[in-house]
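Architecture and fold: a report
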Amino acid sequence: MSPVQMIIGIIFLALGIGAFVVSYLQFKEKGYLFNNAYIWASQEERKQMDENKELKKPYYRQSGTAFMLIGFILIIDAAYIATDWLSTRKIKEIKITQNWGLK
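Reference entry: report on the structure contained in this document. Note that the structure is predicted; figures quoted are calculated from it, not measured.

Remarks on the overall build of the chain
Check the secondary structure of the chain and you find five helices and zero strands. Along its sequence from the N terminus, the chain presents helices and strands in the succession α-α-α-α-α. By residue count, 18% of the 103 residues in the chain fall in the buried class. For the chain, contacts bridging at least 24 residues in sequence account for 64% of all contacts bridging at least 6. By element, 66% of the accessible surface of the chain is carried by carbon and sulfur atoms, the whole surface being about 8,000 Å².

Quick look at the packing of aromatic side chains
Inspection of the entire model under this criterion finds four aromatic pairs. Ring centres 5.2 Å apart and planes at 80 degrees place the aromatic pair phenylalanine 20 and phenylalanine 72 in the edge-to-face group. You can see phenylalanine 20 sitting in helix α1 (residues 3–27) and its partner phenylalanine 72 sitting in helix α4 (residues 57–83), a full 52 residues away along the chain. With a centroid separation of 5.8 Å and an interplanar angle of 65 degrees, the aromatic rings of phenylalanine 34 and phenylalanine 67 are classed as edge-to-face. Here the residue phenylalanine 34 occupies a position in the loop between α1 and α2 (36–39), and phenylalanine 67 occupies one in helix α4, the gap between them amounting to 33 residues. Residue phenylalanine 34 is classed as partly exposed on the basis of its relative accessible area of 42%. Through pairs of rings, three or more aromatic residues link up here, namely Tyr32, Phe34, Tyr38 and Phe67. A cation over an aromatic ring shows up here: arginine 46 above the ring of tyrosine 38, its NZ or CZ 5.0 Å from the ring centre.

A few points about the packing of α1 against α4
Their axes nearest at 7 Å, the elements α1 and α4 cross at an angle of 165 degrees. Between α1 and α4, the interaxial angle falls into the category roughly antiparallel. You can see that α1 and α4 cross each other, and the crossing is left-handed. Classifying every residue of the contact of α1 with α4 by side-chain character gives 18 nonpolar, nine polar and two charged.

Overview of the side chain of asparagine 35
Following the sequence through the fold, asparagine 35 ends up in the loop between α1 and α2. Residue class for asparagine 35 comes out buried when judged on its relative accessible area of 9%. Reaching out from asparagine 35, the side chain makes a polar contact with the backbone nitrogen of alanine 37 at a distance of 3.0 Å. Leaving out residues up to four positions away in the same chain, asparagine 35 has contacts with Tyr59, Gln62 and Ser63.

What counts as what
Throughout this description, residue numbers start from 1 for each chain and increase along the sequence as written. Note on the predicted model: pLDDT of at least 70 is required for a residue's local features to be given, and 80 or more for side-chain atom pairs to be given and counted; whole-chain, interface and lining totals, by contrast, use all residues. Calculated side-chain values reflect all of the structure's heavy atoms, with hydrogen atoms and water omitted. Secondary structure elements follow DSSP: runs of H or I of four or more residues count as helices, runs of E of two or more count as strands, with numbering from the N terminus. Relative accessibility decides the category of a residue: with a 1.4 Å probe and only protein chains considered, values under 20% of the type maximum give buried, values over 50% give exposed, and everything between is partly exposed. Working rule for contacts: check all heavy atoms of both residues, and any pair within 4.5 Å makes them a contact. Calculation of accessible area relied on Shrake-Rupley with a 1.4 Å probe; when residues are assessed, cover is drawn exclusively from the protein chains displayed. Ring geometry is summarised as follows: Phe, Tyr and Trp rings, the Trp one being its six-membered ring, pair when their centres sit within 6.5 Å, and such pairs are stacked at plane angles under 30 degrees, edge-to-face over 60 and tilted between the two. Ring-over charges, as used throughout, are those where CZ of Arg or NZ of Lys falls within 6 Å of the ring centre and within 35 degrees of the ring normal. Throughout, an axis means a line fitted to C-alpha atoms (over the contacting stretch in the case of helices), and angles, computed between N-to-C directions, take values from 0 to 180 degrees. Reported orientations rely on four angle classes, namely roughly parallel under 35 degrees, roughly antiparallel over 145, roughly perpendicular from 65 to 115, and oblique for the rest. It is the rotation of the near helix from the far one that decides the hand of a crossing: anticlockwise by less than a right angle makes it left-handed, clockwise makes it right-handed. Only Asp, Glu, Lys and Arg are considered charged, only Ala, Val, Leu, Ile, Met, Phe, Trp, Tyr, Cys and Pro nonpolar, and every remaining residue, Gly among them, polar. The definition of a polar contact used here is a pair of N or O atoms within 3.5 Å, where within protein one atom must be able to donate a hydrogen and the other to accept one, and adjacent residues in sequence count solely through side-chain atom pairs.

This is the structure we're talking about:
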């Protein structure tokens, strides 16, 4: 594993952890609501959502789920980058040994 691979893997890991933190905050209904329905809403609609917290609840859940899935994808990518998981070189070696019966 090269140093560049390790640095990129650490960056993906940090981004994944950040996505999980945002997901946790969205599920707890804390912080800014990262959802298009809220971002693109007019000022009147935002005021209604801010006054009645029940209107924001499904949007917080939706954003929390989206960030959780993004976190999983980034963590899996970090593992892939850091460990050469499923590299083409290893797959070619497996094919060669299976075809020729070598070990």
